[in-house]
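# Summary of structural features
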Amino acid sequence: LYWRFCALSKDGKVLLAGGDLGGSGYLWLSKDGGETWAAQISAGARRWFQGAVSEDGQVLLASESGDSSGYVRVSRNGGATWSAITSAGAGYWYGCAMSPDGQLMLVGAYSASTANGYLQLSKDGGVTWTALTNAGADVWGRCAISADGRVILVGSTKSSSDGYLNLSVDGGATWASQRSQGVGQWNGCAVSADGRLLLAGVYLNSSRNLLLRATED
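Remember, it's a predicted structure, so these values are computed and weren't measured experimentally.

The strand order across the open sheet formed by 4 strands is 5-6-7-8, and the pairing between neighbours is antiparallel. Of all strands in the sheet, those with a lone pairing partner are strand 5 (48-53) and strand 8 (83-84), marking the two edges. Sheet analysis places strand 7 (residues 73-75) next to strand 8, joined by 2 bridges and oriented antiparallel. Bridging from a neighbouring strand, arginine 73 pairs with alanine 84 of strand 8.

Further remarks concern the packing of aromatic side chains. Applying the stated rule across the entire model yields 1 aromatic pair. With a centroid separation of 4.3 Å and an interplanar angle of 40 degrees, the aromatic rings of phenylalanine 49 and tyrosine 94 are classed as tilted. One end of the pair, phenylalanine 49, is in strand 5; the other, tyrosine 94, is in strand 9 (residues 93-98), and 45 residues separate them in sequence. According to the relative accessible area criterion, phenylalanine 49 is buried, its value standing at 3%. Here tyrosine 94 falls in the buried class, since its relative accessible area comes to 8%. The ring of phenylalanine 49 carries arginine 4 above its face, with NZ or CZ at 4.3 Å from the centroid. Its guanidinium or amino end placed over the ring of tyrosine 164, arginine 179 lies 4.0 Å from that ring's centre, counting from NZ or CZ.

Procedures and definitions
Residue numbers here run from 1 along each chain, matching the order of that chain's written sequence. Given that the model is predicted, a residue must reach a pLDDT of at least 70 before its local features are reported, and side-chain atom pairs must reach 80 or more before they are shown or counted; all residues, however, enter totals for whole chains, interfaces and linings. To get the side-chain values, all heavy atoms of the structure are used, and hydrogens and water are removed first. At least two DSSP bridges between two strands are needed for those strands to be called paired. Secondary structure elements are taken from DSSP: a helix is a run of H or I of four residues or more, a strand is a run of E of two residues or more, and numbering for both begins at the N terminus. Each Phe, Tyr or Trp ring, with Trp reduced to its six-membered ring, pairs with another whose centre is within 6.5 Å; inter-plane angles below 30 degrees give stacked pairs, above 60 give edge-to-face pairs, and intermediate values give tilted ones. Burial classification: accessible surface area is computed with a 1.4 Å probe over protein chains only, and a residue below 20% of its type maximum counts as buried, one above 50% as exposed, and the rest as partly exposed. Criterion for a charge above a ring: Arg CZ or Lys NZ at most 6 Å from the ring centre, at most 35 degrees from the ring normal.

Dropping the structure here:
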């Protein structure tokens, strides 16, 4: 299996990992800190790209980018059952992030044909979604969000020659392209719970990659 992501609960007991092998694979879940693992068969065999776990380990979120009919999937009972978040739309979903309480959810489209290429934000645990049109349409990849939803960090994965890191410090109302950080395929983003520490990884070319750390004041 080509592992693409891993996520864990606040106490480190609940671990979620996913990826694919030849275009499909299962999500794997551990509830004992990694001692034992169970394939999440009910979530389906898919091309998983990113996942998130709430601090109590009850809400699990995962994005898939297998084909144009893919959905973001959620479990609200610690992996007992999984369901498709149809209200966010179908398509190629590359990135997803979630607040510690599981109420704020952010998903990014891998293709311009998915949700018209917009980031989608939910403030009610995935029941309803709003397109963050102010961020523009792009091939949005990995994304991250602070605990209060104020700080959002996302990266474009369009190509290594025209992708930028984008930052919002007001919950997605306005955005600033972080052009001073350079251009590339942004394949990793993280934000601390208080939104003060930002981390991003970028693919520049086959021989040069960077990991960037910043503080937000």
